[in-house]
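# Reading the structure
The primary structure of each chain is shown beneath.
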Amino acid sequence: MQVGLRISHREKNPISDRALLFAFFAAGVSAAYFGSVQLSLFSEPRLFFSGLMAGVLLFSASLLGAYLLPLAAMLLGAFTEQTAMGTAALWRSEHMLDLPTFAPGLILVPIFFLAAVHGMAVTSAVQGAMQRGSPTARTVFQRELAVVFVFVLMSFAAIFFFY
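Residues numbered from 1 in each chain as written. Predicted model: local features only at pLDDT ≥ 70, side-chain atom pairs only at ≥ 80, totals over all residues. Heavy atoms only, no water.

### Description of the overall build of the chain
- Counting secondary structure elements, the chain contains six helices and zero strands.
- Traced from its N-terminal end to its C-terminal end, the chain shows the element sequence α-α-α-α-α-α.
- Buried residues in the chain amount to 39% of all 163 residues.
- In the chain, of all internal contacts separated by at least 6 residues, the share reaching a separation of at least 24 is 83%.
- Accessible area for the chain stands at about 9,200 Å²; split by element, carbon and sulfur atoms hold 70% of it. (Helix = DSSP H or I, 4+ residues; strand = E, 2+ residues; numbered from the N terminus. Buried < 20%, exposed > 50% of the residue type's maximum accessible area, 1.4 Å probe, protein only. Contact = heavy atoms within 4.5 Å. Areas by Shrake-Rupley, 256 points an atom, 1.4 Å probe, with all protein chains shown as cover.)

### Re a nonpolar patch on the surface
- A surface patch of nonpolar side chains, about 490 Å² in accessible area, is lined by Phe 102, Leu 106, Ile 107, Phe 161 and Phe 162.
- Contributing elements (two or more residues each) for the nonpolar patch: α5 (99-132) and α6 (135-162).
- Among the elements that line the nonpolar patch, the one with the most residues is α5, at three residues.
- Examined against the element boundaries, Phe 102 turns out to sit in helix α5.
- Judged by its relative accessible area of 30%, Phe 102 is partly exposed. (Patch = residues over 30% accessible without salt bridge, like charges linked within 9 Å, V, L, I, M, F, W, Y side chains within 5 Å. Salt bridge = Lys/Arg side-chain N within 4 Å of Asp/Glu carboxyl O.)

### A look at the packing of helix α3 (residues 45-60) against α6
- Where α3 meets α6, the closest approach of the two axes is 10 Å, and the angle between their N-to-C directions is 175 degrees. One element, α3, and the other, α6, form an angle in the roughly antiparallel class. Between α3, through Arg 46, Phe 49, Ser 50, Met 53, Ala 54, Val 56, Leu 57 and Ser 60, and α6, the contact on the second element is made entirely by Leu 145, Val 148, Phe 149, Phe 151, Val 152, Ser 155, Phe 156, Ile 159 and Phe 160.
- The class makeup of the residues in the contact of α3 with α6 is 13 nonpolar, three polar and one charged. (Axes fitted to C-alpha atoms, helices over the stretch in contact; angles between N-to-C directions. Parallel < 35°, antiparallel > 145°, perpendicular 65-115°, else oblique. Nonpolar A, V, L, I, M, F, W, Y, C, P; charged D, E, K, R; others polar.)

### A closer look at the pattern of salt bridges
- Counted by the stated rule, this structure contains one salt bridge.
- We note a salt bridge from Glu 144 to Arg 143, for which the minimum N-O separation is 4.0 Å.

### Digging into the confidence of the model for the chain
- Per-residue confidence for the chain gives a mean pLDDT of 82, with 87% of residues at or over 70.
- Looking over the chain, one finds the lowest element-wise mean pLDDT in helix α1 (residues 9-12), namely 48, and the highest in helix α2 (residues 16-33), namely 91.
- For the stretch residues 1-11, pLDDT sits under 50, and the model shows 19 contacts to residues farther than four places along the chain or on other chains. (pLDDT = per-residue confidence, 0-100.)

Here it is as structure tokens:
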């Protein structure tokens, strides 16, 4: 009698992916706040968010997704901090809140985290499927990749609605 292996990355260690992504996001925020990162890549937010979310979708199905998704979270942290600093500077100088620049981040940052956490589960399932060839890993891969795809579509809708 063959016993199926149960692969559920989130059940083994439920906080590790979330904590890792948040730590890299916080590192990106710190790098932007202390001035060590000033990227011109952030000048076009629509292009940045579209590329970031397309990267999440591509990195999720990759064996390197566990390394590339945290780097994407770091880029998002730097972008978010630069946007917040620009909004705060505008408020201090002109007492004007630039809501159209700041508001999309309130929607896109949580969607990114949802997609990235499920993307880390997809990467784990791909690694499990490659190591064991288990049908359970393939099922987890297909289910989690579908969830990532839904969140990426939601983010694209938000990107094109707000920008």
